[in-house]
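Now for the letters of each chain:
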Amino acid sequence: MPGRASASTSVRADRRVAGSKVADRFDGPPGGGKTGRDVRDEGQVGEAVGVGRRAPVLSVQQVSKRFGAVEALVGVDLVVRPHEVVALVGDNGAGKSTLAKIISGVLQPDAGLLEIGGEPVALPSPSDAHQAGVATVFQDYALCENLDVTANLFLGRELRERTLMREGEMERVARRILHDLSSRIPAVRTPVSHLSAGQRQTVAIARTLIGSPRLVVLDEPTAALSVAHTAEILTHIERLRELGLGVVLISHNLNDVRAVSDRIEVLRHGRNNGSFDARHVSQEELLAAITGATQVATSSTSDALL
Amino acid sequence: MTAIAGFREMVTRNLRQSGIFVAFLVIVALFSFLNSNFLSPGNLTNIVLQYSYILILAIGMVMVIVLGQIDLSVGSVVALTGAVSAVLVIRHGQPWWVGVLAALAVGVVVGMWQGFWVAYVGIPGFIVTLAGMLLFRGLAQRVLDNVSLSPFGGTYYDIANGFSTNGLLGGYGVDVFTLVIFGIAVVGFGVSQWRTRMGRIAYQQVVEALPLFVLKLVAIAAVVMWFGYQLAQSRGLPNILIVLAVLILAYSVITQRSVFGRHIYAIGGNLNAAQLSGVKVRQVTFWTFVNMGLLAGVAGVVFSSRMNGAQPGAGNMFELDAIAAAFIGGASTTGGVGRVTGAMTGALIMAVMSNGMQLMGVPQSVQQMVKGLVLLLAVAFDVWNKRRAEAR
């Protein structure tokens with residue numbers, strides 16, 4: 001554990017450089033330019049941007065979930081707005097993945113309310129969640145390696161004419177989305193088994209942009225990646241924000257989280273344990289909240305920040 | 001920036017795909033060298049007639065295998081569907097098409113039964129179809145009261161033995177209709193290959209050099225037309241070859257172009273990813289088994305017609321021939337990989353080997369051993385090829 005921490009500190013400096021470089025690359029289409037928070041998208045992918053900027057795209061209120069005797073989540077709140085990356089951090093077993101799975105329709109909450117775009121919703125399955133505008137990159141099982149990039153992007157929501165697939169159109173959309181993400185995938189017909197780990201994660205993130213979602217949930221997107229690939233994925237996440245989406249980022253890596261997110265929500269033992277502005281919070285404050293050195297009264301902090 | 005791949009690059013990149021075709025040609029060449037009768041018009045017709053039901057079963061089997069399942073019951077289902085048809089047509093004097101429809105319906109019901117247990121109860125296909133193998137064999141014996149029924153005669157017999165289109169367009173010594181059909185097929189194949197190539201160029205993907213592409217098309221066209229000419233010299237176009245061509249075309253489209261086919265590959269490739277992506281895993285699994293049952297019904301009709309009767313022991317070990325055909329044709333043991341065209345080539349390899357060895361008077365025992373070794377080597381080659389690809 002100590003070894004890992006020191007390694008990632010040195011990583012951070014590299015990434016800051018890499019990140020800014022890549023940000024400069026978004027110079028072409030309207031809405032590109034800086035990774036600034038207030039850049040309005042001009043609607044390349046994001047038909048989603050119609051949502052008012054202040055209205056939350058996702059609002060989780062007092063959600064609880066238990067597995068047998070284990071209380072995975074207890075009265076958790078979470079708010080995500082358009083153009084906002086919210087990081088969800090916490091120790092192992094803090095309930096991050098459980099919350100992500102509830103948002104993406106894999107698990108059902110025992111109590112509490114989910115609102116998407118201001119409307120209360122029930123999400124009995126991942127496809128219902130996708131219909132409601134929530135797109136998720138799941139931690140391990142994101143892609144089918146035997147299929148090519150286009151097939152993976154459209155899996156489960158193929159464009160069809162009666163029962164046959166419209167391959168040409170799917171390829172065109174695939175190319176546009178990968179271009180929107182400024183990705184470096186060589187060809188949209190490459191089998192995923194021929195791609196590197198970073199390229200695969202790019203495909204997994206690009207998948208979320210099919211069908212104009214409003215909220216993207218990323219569960220540990222950089223966990224298995226090298227430094228260079230991680231930097232690339234982080235620029236993709238910034239790109240999602242530019243496109244006007246709300247992003248929920250789950251990560252163990254505090255450096256990644258601080259590099260890319262606007263707000264950091266800490267979970268501890270299935271409860272909210274602090275909400276921080278990513279620009280001003282220190283590593284120590286975060287660690288304290290994660291490990292429980294500081295017990296934060298949840299309601300007051302989140303109100304203060306909203 | 002269109003990259004033009006050289007011959008060697010093409011061959012190594014598609015070693016698995018091209019390897020199977022090369023192996024097929026080598027085996028054909030070997031047998032024609034060993035036995036002058038092997039490539040005679042009569043014998044080529046015979047190969048098609050003799051192994052058609054294995055080809056039909058292999059179409060359904062490769063889909064089940066791509067899904068990541070297996071079906072051990074198809075031999076018994078062939079017996080059961082043939083038995084039902086025979087009882088209706090021979091014992092009760094119903095017209096031939098009643099027998100055909102009943103056999104297909106029984107196949108579909110069997111498929112629904114097995115699909116239900118696999119997809120909705122969650123029992124592995126291996127177990128469900130192993131049970132089915134016993135269950136439907138027993139049912140077939142029951143339906144037939146444990147005696148053989150024959151003969152069908154008439155139209156039913158012609159399904160697998162007839163040449164209904166022979167002489168439709170006349171011709172002296174050669175059947176013109178056969179040649180016309182083969183000509184249309186070759187032109188159609190050429191056009192579709194050309195369009196695929198143009199599409200790949202438009203998307204800046206790798207294609208073979210033009211002379212190589214033309215050479216490949218000409219070679220395939222020559223082989224196919226030669227085969228057609230041999231058939232035309234003999235008895236014309238077998239009905240069963242028309243049925244097979246329609247099935248192969250239809251299932252190539254279903255597996256490669258339809259959403260259903262795409263989802264079969266997705267489930268076999270990564271079950272969890274498919275499920276989380278909204279693929280209806282249970283429905284797709286269910287219908288894949290129903291489809292296998294339907295095709296087993298088709299094979300049951302063809303086999304009973306070919307045998308001109310139904311026996312309680314019909315179709316024994318057919319499942320193993322069909323499974324072997326799929327694996328020799330490049331299907332992966334872990335699911336997610338395999339093609340209908342590959343399985344057809346695999347089945348033809350089995351057919352050509354059986355026929356060739358029979359012509360040479362090789363004893364049955366040796367034939368079995370050779371076929372077993374070929375299956376083992378084909379899968380070993382696949383494993384070796386995969387390792388090599390990973391090492392790169």
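Criteria and thresholds
- Residues numbered from 1 in each chain as written.
- Chains lettered and ligands numbered in written order.
- Predicted model: local features only at pLDDT ≥ 70, side-chain atom pairs only at ≥ 80, totals over all residues.
- Helix = DSSP H or I, 4+ residues; strand = E, 2+ residues; numbered from the N terminus.
- Rg over C-alpha atoms; globule rule 2.2 N^0.38 Å.
- Buried ≥ 20, exposed ≤ 12 C-beta atoms within 10 Å, placed from the backbone.
- Contact = placed C-beta atoms within 7 Å.
- Pairing = 2+ DSSP bridges.
- Axes fitted to C-alpha atoms, helices over the stretch in contact; angles between N-to-C directions.
- pLDDT = per-residue confidence, 0-100.
- Nonpolar A, V, L, I, M, F, W, Y, C, P; charged D, E, K, R; others polar.
- Parallel < 35°, antiparallel > 145°, perpendicular 65-115°, else oblique.
- Expected span 1.5 Å × (residues − 1).

**Student:** Lay out the overall build of chain B in plain terms, naming residues and giving numbers.
**Tutor:** Each helix and strand counted, chain B has 16 helices and two strands in total. Computed over its C-alpha atoms, the radius of gyration of chain B comes to 21 Å, within 12% of the 21 Å expected for a compact globule of 392 residues. Seen along its three principal axes, the alpha-carbon backbone of chain B occupies a region of about 70 × 60 × 40 Å. Taken over 392 residues, chain B has a buried fraction of 42%. Counting contacts in chain B only where the partners sit at least 6 residues apart, residues at least 24 apart contribute 80% of the total.

**Student:** An account of the overall build of chain A is needed here, citing residue identities and associated values.
**Tutor:** The helix and strand tally for chain A stands at ten helices and twelve strands. Out of the 306 residues in chain A, the part that is buried amounts to 49%.

**Student:** Before we move on, could you go through helix H14 (residues 318-328) of chain B and cite the residues and values that matter?
**Tutor:** Residue and element names in this part refer to chain B. Where burial is concerned, most of H14 is hidden: ten out of the eleven residues are buried. Within H14, burial applies to Phe318, Glu319, Asp321, Ala322, Ile323, Ala324, Ala325, Ala326, Phe327 and Ile328. Phi for Gly330, located one or two positions after H14, is positive at around 100 degrees.

**Student:** Explain the sheet that holds strand E11 (residues 263-268) of chain A residue by residue, including any values.
**Tutor:** In sheet architecture, strand pairing relies on hydrogen bonds along the backbone and comes in two forms, parallel and antiparallel. All names here are of chain A. With mixed pairing, six strands are arranged side by side in an open sheet as E6-E9-E10-E3-E11-E12. Because the sheet does not close on itself, it has two edges, and the strands there are strand E6 (134-137) and strand E12 (271-277). Each adjacent strand pair in this sheet contributes to an overall mean axis angle of 20 degrees, direction not counted. Across five bridges, the pairing between E11 and E12 is antiparallel. Bridge assignment links Leu267 to a residue of E12, and that residue is Asn272.

**Student:** Tell me about the confidence of the model for chain A, and please be specific about residues and values.
**Tutor:** When pLDDT is averaged along chain A, the result is 76, and 78% of the positions lie at 70 or above. Considering only residues more than four positions removed or in separate chains, one finds that residues 1-53 of chain A, a stretch of pLDDT under 50, has 76 contacts.

**Student:** Mind laying out the interface of chain B and chain A, listing which residues take part and the relevant values?
**Tutor:** Listed per partner, the contact involves 20 residues of chain B and 23 residues of chain A. At the level of secondary structure, the elements contributing two or more residues to the side of chain B that touches chain A comprise helix H11 (259-269) and helix H12 (271-276) of chain B. Top element by residues in the side of chain B that touches chain A is H11 of chain B. It accounts for six residues. The residue inventory of the side of chain B that touches chain A, partitioned by class, reads ten nonpolar, eight polar and two charged.

**Student:** Summarise the environment of Gly173 of chain B; cite the residues concerned and give the values.
**Tutor:** Tracing the backbone shows Gly173 of chain B in the loop between helix H7 (154-161) and helix H8 (176-202). Gly173 of chain B gets classed as exposed once you count the C-beta atoms within 10 Å, which come to 6.

**Student:** For the sheet that holds strand E4 (residues 111-116) of chain A, give the residues involved together with the corresponding values.
**Tutor:** All names here are of chain A. Read across the open sheet, the four strands follow the order E2-E1-E4-E5; overall the sheet is antiparallel. One side of each edge strand has no neighbouring strand; the edge strands of this open sheet are strand E2 (70-80) and strand E5 (119-120). Across five bridges, the pairing between strand E1 (residues 58-67) and E4 is antiparallel. Bridged to Gln61 within E4 is Leu113. Set on the sheet, helix H2 (residues 96-103) makes contact with E1 and E2; between it and E2 the angle comes to about 60 degrees.

**Student:** Break down the environment of Val246 of chain B for me, with residues and values.
**Tutor:** Within the element layout of this structure, Val246 of chain B appears in helix H10 (residues 239-257). When the C-alpha atoms of Val246 of chain B and Ala209 of chain B are compared, they prove to be 32 Å apart, with 37 residues separating the residues in sequence.

**Student:** Go over the packing of H10 of chain B against helix H15 (residues 340-359) of chain B with me, naming the residues and quoting the values.
**Tutor:** Residues and elements named next belong to chain B. Packing of H10 against H15 brings their axes to within 9 Å, and their N-to-C directions diverge by 140 degrees. As the angle between them shows, H10 and H15 are arranged oblique. Here Ile248, Tyr251, Ser252 and Thr255 of H10 come into contact with H15, specifically with Val340, Thr341 and Met344. Classifying every residue of the contact of H10 with H15 gives four nonpolar, three polar and no charged.

**Student:** How would you summarise unusual backbone geometry if you had to cite specific residues and measurements?
**Tutor:** Here the bond from Ser150 of chain B into Pro151 of chain B is cis, since omega is -10 degrees, no more than 30 degrees from zero. Inspection of the secondary structure puts Pro151 of chain B in the loop between helix H6 (125-143) and H7. Despite not being glycine, Glu220 of chain A has its phi angle at roughly 50 degrees, a positive value. Overall, the presence of 20 C-beta atoms within 10 Å leaves Glu220 of chain A in the buried class. The residue Asp145 of chain B is not glycine, and still its phi comes out positive at about 50 degrees. Position of Asp145 of chain B relative to the elements: it lies in the loop between H6 and H7.

**Student:** Pulling in residues and values, what's your account of helix H9 (residues 210-233) of chain B?
**Tutor:** Residues and elements named next belong to chain B. Between its terminal C-alpha atoms H9 stretches 34 Å, which fits the 34 Å expected from 24 residues at 1.5 Å a residue. Residues of H9 that are buried include every one of Gly228, Leu231 and Ala232, and no others. Here the buried face of H9 lies against helix H3 (41-66) and H8.

**Student:** Pulling in residues and values, what's your account of the confidence of the model for chain B?
**Tutor:** Of the residues in chain B, 93% have a pLDDT of 70 or more, and the chain-wide mean is 88. On the interface metric, ipTM, the complex scores 0.82, and its pTM is 0.82.

**Student:** Tell me about the packing of H7 of chain B against helix H13 (residues 281-307) of chain B, and name the residues and values.
**Tutor:** Residues and elements named next belong to chain B. Packing of H7 against H13 brings their axes to within 7 Å, and their N-to-C directions diverge by 105 degrees. On the basis of the axis angle, H7 is roughly perpendicular to H13. Taking contact as the criterion, the partners of Tyr156, Tyr157, Ile159, Ala160 and Asn161 in H7 are, on H13, Val301, Val302, Ser305 and Arg306. Of the residues that constitute the contact of H7 with H13, the class distribution is six nonpolar, two polar and one charged.

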